[in-house]
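# Architecture and fold: a report
The primary structure of each chain is shown beneath.
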Amino acid sequence: MRSPIACLVALGALIAPLAWSSPSRADASAWTFVGAGAVGWKQGKDDFVFDGALSLDVGVGTTPDAPVIVGGLMRATPILDSGIDLALLARVATRGFQAGQLGFALDAGGYRRFWGAGSTGVAGALTLGAPLGISLSFQGSYGTDDAMAFAAIAGIDLLRLTVYRQSLLPLWPNPLPAQQSRDVASR
């Protein structure tokens, strides 16, 4: 039979490595985009209609220190004079995109149209990111009832402008950046 003291020492030896750790960061990437542009859309056998559109994105992803950031976002696309399309998308973005420098993000997922005849289908986008969170997004969707839409949306990502910004630091310091390293471009 083992003594209780020997069992406690053995248990302590097993738990001790778990109590020792190096400093860690659990920062996540996030996106809050607002923009406006033009959309061409059709449903059923109708011809394409060109309207103004807005785009509102909110999402979260993996650490901004990684070379590639993976996450998800929800997109609302109000088509002026028609209705709103909602999409749930997966996003893959470059570190340059997230740091408010030059980069791009690819989005893919599903959407639902609640107006008109309604539609459910797939949606995707290629978003080009420039310094200060300025973005140009090329969006598309295809769904039931032969619904199609193509849009070009320009806007700004408010979080890439503020929290994640790594551009223009000598002129406009970022006091609490989300990235571990302030010099993201040199990695």
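Here is what the cut-offs are and how they apply
Residues numbered from 1 in each chain as written. Predicted model: local features only at pLDDT ≥ 70, side-chain atom pairs only at ≥ 80, totals over all residues. Heavy atoms only, no water. Helix = DSSP H or I, 4+ residues; strand = E, 2+ residues; numbered from the N terminus. Buried < 20%, exposed > 50% of the residue type's maximum accessible area, 1.4 Å probe, protein only. Contact = heavy atoms within 4.5 Å. Pairing = 2+ DSSP bridges. pLDDT = per-residue confidence, 0-100. Patch = residues over 30% accessible without salt bridge, like charges linked within 9 Å, V, L, I, M, F, W, Y side chains within 5 Å. Areas by Shrake-Rupley, 256 points an atom, 1.4 Å probe, with all protein chains shown as cover. Salt bridge = Lys/Arg side-chain N within 4 Å of Asp/Glu carboxyl O. Lys, Arg positive; Asp, Glu negative; His and termini not counted. Charge placed at Lys NZ, Arg CZ, Asp CG, Glu CD. Phe/Tyr/Trp six-rings, centres within 6.5 Å; stacked < 30°, edge-to-face > 60°. Lys NZ or Arg CZ within 6 Å of the ring centre and 35° of its normal.

### Quick word on the environment of Val68
- Inspection of the secondary structure assignment puts Val68 in strand β3 (residues 68-79).
- Taking relative accessible area as the criterion, Val68 reaches 46% and is therefore assigned partly exposed.
- Measuring from C-alpha to C-alpha, the distance between Val68 and Val92 comes to 6.8 Å, with 24 residues separating the pair along the chain.
- Contact partners of Val68, with chain neighbours within four places excluded, come to Thr62, Val92 and Ala93.

### Digging into the pairing of strand β1 (residues 29-42)
- Taken together, the 13 bridges between β1 and strand β2 (residues 49-61) define a ladder with antiparallel strand orientation. Directly across from Trp31, in β2, lies its bridge partner Gly59.
- Linkage of β1 to β2, two consecutive antiparallel strands, is achieved through a turn of six residues, within which Gly44 is found at a positive phi near 70°.
- As paired elements, β1 and strand β8 (residues 147-157) share 10 bridges and run antiparallel to each other.

### Some points on unusual backbone geometry
- Unlike most non-glycine residues, Leu132 shows phi in positive territory, near 65°.
- With respect to the secondary-structure elements, Leu132 resides in the loop between β6 (119-129) and β7 (134-143).
- When its relative accessible area of 23% is taken as the criterion, Leu132 is described as partly exposed.
- Backbone geometry at Leu168 places phi at a positive 60°, although glycine is not the residue there.

### Regarding the confidence of the model for the chain
- Summarising the model, the chain shows a mean pLDDT of 87, and 87% of its residues fall at 70 or more.
- Long-range and interchain partners of residues 183-187, a stretch whose pLDDT sits below 50, account for 10 contacts in this model, where long-range means more than four residues apart.

### A closer look at a negative patch on the surface
- A cluster of acidic side chains, namely Asp46, Asp47, Asp145 and Asp146, defines a negative patch on the protein surface.
- With respect to the helices and strands, Asp46 occurs in the loop between β1 and β2.

### Quick look at the packing of aromatic side chains
- By the definition in use, this model includes three aromatic pairs.
- Ring centres 4.9 Å apart and planes at 90° place the aromatic pair Trp41 and Trp115 in the edge-to-face group. With Trp41 in strand β1 and Trp115 in the loop between β5 (103-113) and β6, this residue pair connects regions lying 74 residues apart in the sequence.
- A relative accessible area of 12% means that Trp115 is categorised as buried.
- Here Phe48 and Phe50 contribute two aromatic rings whose centre-to-centre distance is 6.5 Å and whose plane-to-plane angle is 25°, an arrangement assigned as stacked.
- The class of Phe48 is partly exposed, set by a relative accessible area of 37%.
- Here the aromatic cluster, defined as three or more aromatic residues joined through ring pairs, consists of Phe48, Phe50 and Phe150.
- Of note, Arg165 hangs over the ring of Trp172, and the distance from its end group to the ring centre comes to 3.9 Å.

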